[in-house]
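Letter by letter, the chains look like this.
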Amino acid sequence: MQGGAISWQSKLQKCVALSTTEAKFIVAATEACKELLWLKRMLAEIGFKQERYALLCDSQSAIHLCQNSSYHSRSKHIDVRYHWIRDVVNLKKLELAKVHTNDNGADMMTKEVTRGKLDVCCQIAGLVTPSM
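What counts, and at which threshold
- Residues numbered from 1 in each chain as written.
- Predicted model: local features only at pLDDT ≥ 70, side-chain atom pairs only at ≥ 80, totals over all residues.
- Heavy atoms only, no water.
- Helix = DSSP H or I, 4+ residues; strand = E, 2+ residues; numbered from the N terminus.
- Polar contact = N/O pair within 3.5 Å; in protein donor to acceptor, adjacent residues only side chain to side chain.
- Contact = heavy atoms within 4.5 Å.
- Buried < 20%, exposed > 50% of the residue type's maximum accessible area, 1.4 Å probe, protein only.
- Pairing = 2+ DSSP bridges.
- Arc of directions from axis to C-beta.
- Core = buried A, V, L, I, M, F, W, Y, C linked by side-chain atoms within 4.5 Å.

Some words on the side chain of D107
Stage number 1. Residue position: D107 is located in helix α4 (residues 107–110).
Stage number 2. There is a polar contact of 3.5 Å between the side chain of D107 and the side chain of K117.

Some words on the environment of K40
Stage number 1. Here K40 is to be found in helix α1 (residues 20–45).
Stage number 2. Between the alpha carbons of K40 and Q50 there is a distance of 8.5 Å; along the sequence they are 10 residues apart.
Stage number 3. The residues contacting K40, other than those within four sequence positions of it, are Y53 and K93.

Overview of the environment of E51
Stage number 1. The residue E51 is located in the loop between α1 and β1 (54–57) in this model.
Stage number 2. E51 sits in the exposed class, given a relative accessible area of 88%.
Stage number 3. Linking E51 and L94, residues 43 residues apart in sequence, is a C-alpha distance of 9.9 Å.

Some words on the pairing of β1
Each regular strand carries side chains that alternate between the two faces of the sheet.
Stage number 1. The side-chain alternation of β1 yields one buried face, formed by L55 and C57, and one unburied face, formed by A54 and L56.
Stage number 2. By the bridge criterion, 4 bridges tie β1 to strand β2 (residues 95–98) in an arrangement that is parallel. From the neighbouring strand, L55 faces β2, where its bridge partner is L96.

Considering helix α5 (residues 115–125)
Stage number 1. Taken together, the buried positions of α5 are K117, C121, C122 and A125. Seen along its axis, α5 keeps its buried residues to an arc of 140 degrees; they face one direction.
Stage number 2. Of the surrounding elements, those touching the buried residues of α5 are α4.
Stage number 3. Once α5 ends, the next one or two residues include G126, with phi positive near 80 degrees.

Quick look at the nonpolar core
Within soluble globular proteins, side chains that are nonpolar tend to cluster in buried spots.
Stage number 1. Among the nonpolar cores identified, the biggest contains 18 residues, and F25, C33, L55, C66, I85, L94 and L96 are the most heavily contacted of them.
Stage number 2. Taken together, the elements giving at least two residues each to this core come down to α1, β1, α2 (60–67) and α3 (84–90).
Stage number 3. In terms of residue count, α1 provides more of this core than any other element does, 6 residues in total.
Stage number 4. Non-local contacts of C33, meaning those with residues more than four positions away in its chain, are made with L55, W84, I85, V88 and L94.

Here it is in structure tokens:
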């Protein structure tokens, strides 16, 4: 908010995913969706309302899985409790958007990045850029 991060977390995944799409769908999209809806309600309580609430995801296939209400053979093994995000998206409580890898500030938390990419990630996240 106002150019800075107000909520973030890093934790181990609670289940085993069979693909990166499933991992992004279960962990990234679903958990982030829960957090975003909580923040949306909290901000509404203090009188702050936004037109658009966007959840950024770097996996186009995970976004498609969240938006597509039909079940496929490649996703039928995913536990039903994770599919509620489809209802949230259909009800337009938030929107899913693709974030390009160059604009993804979360990369510094999930993979090895170069010094330049670390500076960009810190700037995106509203953090002070580390100095050498």
